[in-house]
Amino acid sequence: RQIQWHRRAFQTSVSQNPPIPDFGFTFDIDGVLVRSSRPIPAAQKALPLLQKNRIPFILVTNGGGKTEEQRVQYLQDRLGVPLSADMIVQSHTPFADMTHLYDKTVLIVGGDYDHCQLVAQKYGFKYAVTPIDILCAHPEIWPFGKQYLDLYRTFAKPLPTPIDLSSPATSLKFDAIFVYNDSRDWGTDTTIILDLLLSRAGILGTLSTKNGNPALPNNGYQQDAQPPLYYSNPDLWWAAAWHQNRLGQGGFQRALEGVWAAATDGAHLAKTAIGKPTQATFAFAEHRLRHVRKQMFAQRGLNDPLKRVYMIGDNPESDIRGANEYRSPHGTVWRSVLVKTGVYRADEGKEPAYRPDVIVEDVLEAVEWAVEDAK
Ligand code: G3P
Ligand code: MG
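Definitions and limits used
- Residues numbered from 1 in each chain as written.
- Chains lettered and ligands numbered in written order.
- Predicted model: local features only at pLDDT ≥ 70, side-chain atom pairs only at ≥ 80, totals over all residues.
- Heavy atoms only, no water.
- Core = buried A, V, L, I, M, F, W, Y, C linked by side-chain atoms within 4.5 Å.
- Buried < 20%, exposed > 50% of the residue type's maximum accessible area, 1.4 Å probe, protein only.
- Helix = DSSP H or I, 4+ residues; strand = E, 2+ residues; numbered from the N terminus.
- Contact = heavy atoms within 4.5 Å.
- Donors = N, O, S within 2.8 Å, 3.2 Å for Na, K, Ca; no water.
- Near = heavy atom within 4 Å.
- Polar contact = N/O pair within 3.5 Å; in protein donor to acceptor, adjacent residues only side chain to side chain.
- Areas by Shrake-Rupley, 256 points an atom, 1.4 Å probe, with all protein chains shown as cover.
- Nonpolar A, V, L, I, M, F, W, Y, C, P; charged D, E, K, R; others polar.
- Pairing = 2+ DSSP bridges.
- Expected span 1.5 Å × (residues − 1).
- Arc of directions from axis to C-beta.
- Axes fitted to C-alpha atoms, helices over the stretch in contact; angles between N-to-C directions.
- Parallel < 35°, antiparallel > 145°, perpendicular 65-115°, else oblique.
- Left-handed = near helix turned anticlockwise from the far one by under 90°.
- Salt bridge = Lys/Arg side-chain N within 4 Å of Asp/Glu carboxyl O.
- Right-handed = clockwise from strand over helix to strand, strands pointing away.

J.: I'd love a proper account of the nonpolar core, names of residues and values included.
T.: Residues Phe25, Phe27, Leu33, Phe57, Leu59, Ile312 and Val363 are the most contacted members of the largest nonpolar core, which totals 50 residues. It is helix H10 (residues 363-373) that contributes the most residues to this core, 6 residues altogether. Residues in contact with Val363, not counting those within four places in the same chain, are Phe27, Val32, Leu33, Ala42, Ala43, Ala46, Ile312 and Val339. Grouped together as the second largest cluster of nonpolar side chains are 23 residues, Val109, Ile193, Leu194 and Trp260 included.

J.: Describe the coordination of the magnesium ion (ligand 2), with residues and values.
T.: Coordination of the magnesium ion (ligand 2) by the protein comes from Asp28 (OD), Asp30 (O) and Asp314 (OD), over a distance range of 2.0 to 2.1 Å. Each donor residue of the magnesium ion (ligand 2) belongs to the same chain, with the gaps between them written as D-x1-D-x283-D. Within this pair, whereas Asp28 is found in the loop between strand E1 (23-27) and strand E2 (34-35), its partner Asp314 is found in the loop between strand E13 (308-313) and helix H9 (316-325), the two being separated by 286 residues in sequence. In this structure Asp314 comes out as buried when scored by relative accessible area, which is 2%.

J.: Explain the site of ligand 1 to me, and be specific about the residues and the numbers.
T.: Around ligand 1 sit Asp28, Ile29, Asp30, Thr61, Asn62, Gly63, Asp182, Asn233, Asp235, Trp238, Lys276 and Asp314, and those are all the residues in its vicinity. Between ligand 1 and the protein, one listed contact pairs an oxygen atom with a side-chain N or O atom of Asp182 at 3.3 Å. Here ligand 1 loses 96% of its free accessible area of 310 Å² to cover by the protein chains. Looking at side-chain class alone, the shell around ligand 1 contains 2 nonpolar, 4 polar and 6 charged residues.

J.: Please set out the sheet that holds strand E7 (residues 127-129) residue by residue, giving values where relevant.
T.: If you trace the 5 strands from one edge of the open sheet to the other, you get E7-E6-E8-E9-E12, paired in parallel fashion. Where the open sheet ends on each side, the last strands, each with one partner, are E7 and strand E12 (272-273). Alignment of strand E6 (residues 105-109) against strand E8 (residues 176-179), held across 4 bridges, turns out to be parallel. Note on E8: the bridge partner recorded for Leu107 is Ile177.

J.: I'd like to hear about helix H1 (residues 41-52), residue by residue, with values.
T.: A rise of 1.5 Å per residue sets the reference length of H1, with its 12 residues, at 16 Å; its end C-alpha atoms lie 18 Å apart and thus fit the reference within 8%. Those residues of H1 that fall on the buried side of the exposure criterion are Ala42, Ala43, Ala46, Leu47 and Leu50. The arc that holds every buried residue of H1, seen down its axis, measures 110°, which confines them to one face. The exposed set on the far side of H1, more than 90 degrees from its buried face, consists of Pro41, Lys45 and Lys52. Two residues or fewer after H1 comes Arg54, characterised by a positive phi angle close to 50°.

J.: Got a sec to walk through the packing of helix H6 (residues 186-197) against helix H7 (residues 249-263)? Specific residues and values, please.
T.: In contact at an axis separation of 10 Å, H6 and H7 are set at 50° when each is read in the N-to-C sense. Between H6 and H7, the interaxial angle falls into the category oblique. Between H6 and H7 lies a crossing whose hand is right-handed. Between H6 and H7, the residues in contact are Trp186, Asp189, Thr190, Ile193, Leu194 and Leu197 and Gly251, Phe252, Ala255, Leu256, Val259, Trp260 and Ala263, respectively. Grouping the amino acids of the contact of H6 with H7 by side-chain chemistry returns 10 nonpolar, 2 polar and 1 charged.

J.: Describe in detail the pattern of salt bridges, supporting the description with residues and values.
T.: By the definition in use, this model includes 17 salt bridges. Arg184 is the salt-bridge partner of Asp112, the closest N and O atoms lying 2.9 Å from each other. One end of the pair, Asp112, is in the loop between E6 and helix H3 (115-123); the other, Arg184, is in the loop between E8 and H6, with 72 residues separating them in the sequence. A relative accessible area of 46% means that Arg184 is categorised as partly exposed. Put simply, Arg308, Arg335, Asp357 and Asp373 are held in one network by salt bridges that share partners.

J.: I'd like a description of the environment of Phe178, backed by residues and values.
T.: By the secondary structure assignment, Phe178 is in strand E8. A relative accessible area of 0% places Phe178 in the buried class. Residues Phe178 and His243, 65 residues apart in the sequence, show an inter-C-alpha distance of 30 Å. Ignoring sequence-local partners within four residues, the contact set of Phe178 consists of Phe95, Met98, Tyr102, Val106, Leu107, Ile108, Val109, Phe125 and Tyr230.

J.: Talk me through the pairing of E6; I want residue IDs and the actual numbers.
T.: For E6, a buried count of 5 out of 5 residues is recorded, marking the element as mostly surrounded by other parts of the structure. The two faces of E6 match: Thr105, Leu107 and Val109 on one face and Val106 and Ile108 on the other face are all buried. Once you follow E6 into H3 and on to E7, the crossover reads as right-handed.

Structure (structure tokens):
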């Protein structure tokens, strides 16, 4: 299929500088551009076409587990299009703006090996500790983790502070819990997170009878306040290499919350969630797309408004819902385009839970439709 690029979008003018497009794209990754490590062929056509026609776009994913630099390197090799680190928003990217809030020890959950710990350190979290670090220092904290210890010890780090319950004031204390990516060891991760949520003010190994007490609002008193819990991706399902959708970070969250509810007799669990479809992530993405667009046309003194953004996604619950519900502070209109190459299964004959502006076969058709729509 050849896209008939209407000159309107790139009207030739006397000068060599056609008008700056007043629209841009945000692309979801898994199920739109790739299936696990396999590129989706339509993506290898769609992105180079946008770059050739200087139409701004960024990638917005509920995935993560690597630095932004590593992820774009991995993607550009597979998609045949140059990408810079500021062209990707991963599930945990917004956490980089929170280092000023937590300059002491934080728990970093999820991802392969110590990769998310390294991402957190790159963001500026000085004391990033993982559940595996804790398990290797105290194997008895989770009796069923022993069989993995040899592997875990190849990448575990020493704890920044020992657990010394004889003097809680100087014992290992966590100021926040961040779930950066999908847990690789639900047992260890759930155990450590639960210990901290029930602890006295994040001091590992202590128990606050107030945290989780259903009789008390918001889990107890200030001096026992549990460390805040941050999730980065609510996806229950995602489209990986297997033909059936796979459990995402949302699956781990629901399992953790089931254990919390049982352990606290149904107490409320305070948490902060980012990731699509949250408005926080869409606002972060719009800000980043504006930045990339401004850079693309910097030498021309961009002052043309960004009128429309096309969110191309495969998951109605995250990509489509988020774009449909997001309200831009700049009055930019967001349109949602659902592709059939990922989570959404057109063959199930079900209407998507959140209706997109259009349903198309793949990302190339999505771009074709959007360029028409943007006329
Ligand atoms: O873990 C990644 C998965 O939840 C979905 O990623 O790129 O489709 O938002 P993405
Ligand atoms: Mg997806």
